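Descriptive analysis of the structure
Read off the chains here:
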Amino acid sequence: MAEELELAWVREALQTRLLVELMSNAMHKELVLKGGMAMRAVHGSVRYTKDIDLDADERASKERIQGVVRRSIERAVSSGLIANATVTTPKQTDTTLRWKITGTQPNSSAPMHLTVEVSRRPKLIEGHVVEVALDKAFNRTGRDVKIQVLDSQHIAVTKVLALTDPMRMAPRDLFDLNVLLEAGVKDPGPLLAQLSDAQLRLPLLMAELWPKIEAMSYEQFRNDVVPYLPTTVGLAIDSEAFETMRVDVGVAVERWLQSAASLWAES
């Protein structure tokens, strides 16, 4: 586990440098950070992540976004934070742009992998994007930079949708929602009620919720999430703490979905 955390720390230095380059090269609100790195950089999560996930302004052309990401990757890779780097573009469609960066840790043969994915799909929810200064405790570049990021309510919506996705089984969604709960996230029910297909979707999300949570085992959590947590945090989450997390998240998400359904019915 110690080796995995060391790799995560080194990879995060590269991620942070790349995020700074992305936000510096993009126009205002052209790229918005979301996902696990948004959770870690802005919303208080201690979980390391392998990816940088972003939403792009729909008004920006595919070619414009490709250019911004390409230049940012070139500058980050040339920083010396990764050795023997190769960059591939496994997916470049009108709605999804994905880059994979592969190399080794500097002065080491330990492999490094990082994915950048930009979504150009229509937004789930309008607004609920905030501009914040990247915390210096997280930002090791020494450069002052402000980033565009989904706010905690919007992140909660994306995590509820991920948790209840029947094609996905990722205990990190449970952990991330618990982080948001502990941080006092405001009820995202009003945003869930704004989903374009809320009338059909909300009952399906409710039906998936508890079966999905009950299917997530402590063993899977230890294998998939704990290696990306600081040692003291990982050790503190025993089977009893994990069970409490499952119940707390399930009860909260159920309440949010019920709130969303009531708001939609009243609209």
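Notes on the structure follow. (Residues numbered from 1 in each chain as written. Predicted model: local features only at pLDDT ≥ 70, side-chain atom pairs only at ≥ 80, totals over all residues. Heavy atoms only, no water.)

**So, unusual backbone geometry**
Positive phi, close to 65°, is recorded for K29, a residue that is not glycine. When you line up the elements, K29 lands in the loop between α1 (2–25) and β1 (31–34). Phi at N107 takes a positive value of approximately 60°, unusual for a residue other than glycine. Along the chain, N107 falls in the loop between β4 (96–104) and β5 (111–119). Classification of N107 by relative accessible area gives exposed; the value is 85%. (Helix = DSSP H or I, 4+ residues; strand = E, 2+ residues; numbered from the N terminus. Buried < 20%, exposed > 50% of the residue type's maximum accessible area, 1.4 Å probe, protein only.)

**Remarks on the pairing of strand β3 (residues 83–92)**
Across six bridges, the pairing between β3 and β4 is antiparallel. Across the sheet, V87 pairs through a bridge with I101, a residue of β4. The turn linking β3 back onto β4 is made up of three residues. (Pairing = 2+ DSSP bridges.)

**Concerning the environment of L235**
Looking at the secondary structure, you find L235 in helix α9 (residues 231–236). Of the residues examined, L235 reaches a relative accessible area of 62% and is grouped as exposed. Remark: the alpha-carbon pair of L235 and L97, spanning 138 residues in sequence, is separated by 37 Å.

**Brief notes about the packing of helix α4 (residues 152–163) against helix α5 (residues 171–182)**
Between α4 and α5, the least distance of the axes is 10 Å, while the angle of their chain directions is 150°. Put simply, α4 runs roughly antiparallel to α5. Like other packed secondary-structure pairs, α4 and α5 cross with a definite hand, here left-handed. Here S152, I155, A156, K159, V160, A162 and L163 of α4 lie close against α5, whose contacting residues are D173, L174, D176, L177 and L180. Across the contact of α4 with α5, the residue classes tally to eight nonpolar, one polar and three charged. (Axes fitted to C-alpha atoms, helices over the stretch in contact; angles between N-to-C directions. Parallel < 35°, antiparallel > 145°, perpendicular 65-115°, else oblique. Left-handed = near helix turned anticlockwise from the far one by under 90°. Contact = heavy atoms within 4.5 Å. Nonpolar A, V, L, I, M, F, W, Y, C, P; charged D, E, K, R; others polar.)

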